[in-house]
Amino acid sequence: MSDVENLLRKYGEDVTVTRGGVSGRERAFILPREMTYSADDRFVPEHLGIGENERLLSILRGSLDALDAWSDTVTYGGREYRIVNAVRFRVERENSHWECVLEKREEPFIDGD
(Lines give C-alpha, C1' and ligand atoms only; values in the text may rest on other atoms or scores of the structure.)
Protein backbone atom coordinates (compact mmCIF):
# COMPACT_ATOMS: atom_id res chain seq x y z
CA MET A 1 0.00 0.00 0.00
CA SER A 2 1.41 3.40 -1.00
CA ASP A 3 1.92 6.32 1.38
CA VAL A 4 -0.92 8.16 -0.36
CA GLU A 5 -3.26 5.21 0.17
CA ASN A 6 -2.36 5.16 3.86
CA LEU A 7 -3.12 8.89 4.12
CA LEU A 8 -6.41 8.46 2.25
CA ARG A 9 -7.45 5.62 4.53
CA LYS A 10 -6.70 7.69 7.63
CA TYR A 11 -7.72 11.23 6.57
CA GLY A 12 -9.70 10.93 3.33
CA GLU A 13 -13.41 11.48 2.87
CA ASP A 14 -15.96 8.90 1.74
CA VAL A 15 -16.92 9.15 -1.92
CA THR A 16 -18.61 6.86 -4.42
CA VAL A 17 -16.79 6.22 -7.69
CA THR A 18 -18.91 4.90 -10.58
CA ARG A 19 -16.96 3.27 -13.38
CA GLY A 20 -18.67 1.57 -16.29
CA GLY A 21 -21.98 1.59 -14.42
CA VAL A 22 -20.51 -0.13 -11.33
CA SER A 23 -20.33 1.90 -8.11
CA GLY A 24 -17.91 1.42 -5.26
CA ARG A 25 -16.98 3.26 -2.07
CA GLU A 26 -13.58 4.93 -1.97
CA ARG A 27 -11.66 7.39 0.17
CA ALA A 28 -10.51 10.65 -1.43
CA PHE A 29 -9.14 14.07 -0.75
CA ILE A 30 -11.46 16.67 -2.25
CA LEU A 31 -10.18 20.18 -2.98
CA PRO A 32 -12.25 22.96 -4.54
CA ARG A 33 -10.66 24.38 -7.68
CA GLU A 34 -11.16 27.32 -9.94
CA MET A 35 -9.29 27.74 -13.17
CA THR A 36 -8.03 31.23 -13.99
CA TYR A 37 -5.69 32.55 -16.63
CA SER A 38 -2.12 33.57 -15.89
CA ALA A 39 -0.34 36.45 -17.66
CA ASP A 40 0.83 34.07 -20.40
CA ASP A 41 -2.68 32.61 -21.01
CA ARG A 42 -2.12 29.33 -19.16
CA PHE A 43 -4.76 27.88 -16.89
CA VAL A 44 -3.75 28.12 -13.24
CA PRO A 45 -5.72 26.21 -10.57
CA GLU A 46 -6.66 28.10 -7.41
CA HIS A 47 -7.77 26.68 -4.07
CA LEU A 48 -11.11 27.99 -2.86
CA GLY A 49 -13.29 27.40 0.17
CA ILE A 50 -15.80 24.55 0.01
CA GLY A 51 -19.11 25.70 -1.38
CA GLU A 52 -21.13 25.46 -4.56
CA ASN A 53 -18.05 25.02 -6.73
CA GLU A 54 -18.37 23.72 -10.25
CA ARG A 55 -14.91 22.13 -10.28
CA LEU A 56 -13.06 20.04 -7.72
CA LEU A 57 -9.74 18.25 -7.56
CA SER A 58 -9.94 14.70 -6.26
CA ILE A 59 -7.03 12.54 -5.15
CA LEU A 60 -7.87 8.81 -5.24
CA ARG A 61 -5.83 5.70 -4.52
CA GLY A 62 -3.44 4.64 -7.28
CA SER A 63 -4.47 0.99 -7.29
CA LEU A 64 -7.83 1.82 -8.89
CA ASP A 65 -8.13 0.48 -12.42
CA ALA A 66 -8.20 2.98 -15.26
CA LEU A 67 -10.57 5.92 -14.85
CA ASP A 68 -12.48 7.06 -17.92
CA ALA A 69 -12.77 10.82 -18.25
CA TRP A 70 -16.25 12.08 -19.25
CA SER A 71 -18.07 8.84 -18.40
CA ASP A 72 -16.95 7.91 -14.86
CA THR A 73 -18.31 9.88 -11.91
CA VAL A 74 -17.51 10.68 -8.29
CA THR A 75 -20.33 11.36 -5.82
CA TYR A 76 -19.35 13.55 -2.90
CA GLY A 77 -21.45 15.57 -0.46
CA GLY A 78 -24.69 14.50 -2.14
CA ARG A 79 -23.58 15.86 -5.53
CA GLU A 80 -22.45 13.95 -8.57
CA TYR A 81 -19.35 15.08 -10.44
CA ARG A 82 -18.04 13.70 -13.70
CA ILE A 83 -14.34 13.10 -14.15
CA VAL A 84 -13.12 15.45 -16.87
CA ASN A 85 -9.42 14.65 -16.51
CA ALA A 86 -7.58 11.89 -14.67
CA VAL A 87 -3.82 11.39 -14.34
CA ARG A 88 -2.20 8.47 -12.50
CA PHE A 89 1.04 9.25 -10.66
CA ARG A 90 3.75 6.67 -10.09
CA VAL A 91 6.34 6.79 -7.32
CA GLU A 92 9.21 4.30 -7.31
CA ARG A 93 7.50 2.03 -9.87
CA GLU A 94 4.24 1.88 -7.91
CA ASN A 95 0.94 3.46 -8.77
CA SER A 96 0.82 6.16 -6.10
CA HIS A 97 -2.44 8.00 -6.74
CA TRP A 98 -4.85 9.51 -9.24
CA GLU A 99 -5.44 13.25 -9.51
CA CYS A 100 -8.78 13.98 -11.12
CA VAL A 101 -10.48 17.18 -12.11
CA LEU A 102 -14.18 16.83 -11.36
CA GLU A 103 -16.96 18.93 -12.84
CA LYS A 104 -20.42 19.22 -11.33
CA ARG A 105 -22.78 17.06 -13.35
CA GLU A 106 -25.78 18.96 -14.58
CA GLU A 107 -29.22 17.45 -14.44
CA PRO A 108 -30.39 16.35 -17.88
CA PHE A 109 -32.81 18.75 -19.55
CA ILE A 110 -36.36 17.37 -19.69
CA ASP A 111 -38.73 19.16 -22.02
CA GLY A 112 -42.20 19.31 -20.48
CA ASP A 113 -43.93 19.69 -23.84
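Here's what I pulled together on the structure shown here. Bear in mind that the values here come from a model prediction, so they are computed numbers and not experimental data.

Rules used throughout
- Numbering of residues begins from 1 in every chain and follows the order in which that chain's sequence is written.
- This being a predicted model, a pLDDT of at least 70 is required before a residue's local features are given, and a value of 80 or more before pairs of side-chain atoms are given or counted; all residues contribute to the totals for chains, interfaces and linings.
- For side-chain calculations, the full set of non-hydrogen atoms in the structure is used, while hydrogens and water are omitted.
- Where helices and strands are cited, they refer to DSSP runs of H or I of at least four residues and of E of at least two residues respectively, numbered from the N terminus.
- For two strands to pair, DSSP has to find at least two bridges joining them.
- Any pair of nitrogen or oxygen atoms within 3.5 Å is treated as a polar contact; in protein, a donor-acceptor pairing is required on top of that, and neighbouring residues in sequence qualify only through side-chain atoms on both sides.
- Working rule for contacts: check all heavy atoms of both residues, and any pair within 4.5 Å makes them a contact.

1. Section: unusual backbone geometry
- Of note in this structure, Trp 70 is not a glycine but carries a positive phi near 80 degrees.
- Note on placement: Trp 70 falls in the loop between strand 4 (55-61) and strand 5 (73-76).

2. Let's talk about the pairing of strand 7 (residues 94-104)
- The pairing of strand 4 with strand 7 spans seven bridges and is antiparallel. Opposite Arg 55, over in strand 7, you have Glu 103 as the bridge partner.
- If you look at the hairpin formed by strand 6 (residues 79-91) and strand 7, you'll find two residues sitting between the two strands, and Glu 92 has a positive phi there, around 50 degrees.

3. A closer look at the side chain of Asp 72
- You can see Asp 72 is positioned in the loop between strand 4 and strand 5.
- A polar contact is formed between the side chain of Asp 72 and the backbone nitrogen of Gly 20, at a distance of 3.4 Å.
- At a separation of 2.6 Å, a polar atom in the side chain of Asp 72 contacts the main-chain amide nitrogen of Asp 68.
- In this view, Asp 72 contacts Thr 18, Arg 19, Gly 20, Ala 66, Leu 67, Tyr 81, Arg 82 and Ile 83; residues no more than four positions away in its chain are not counted.

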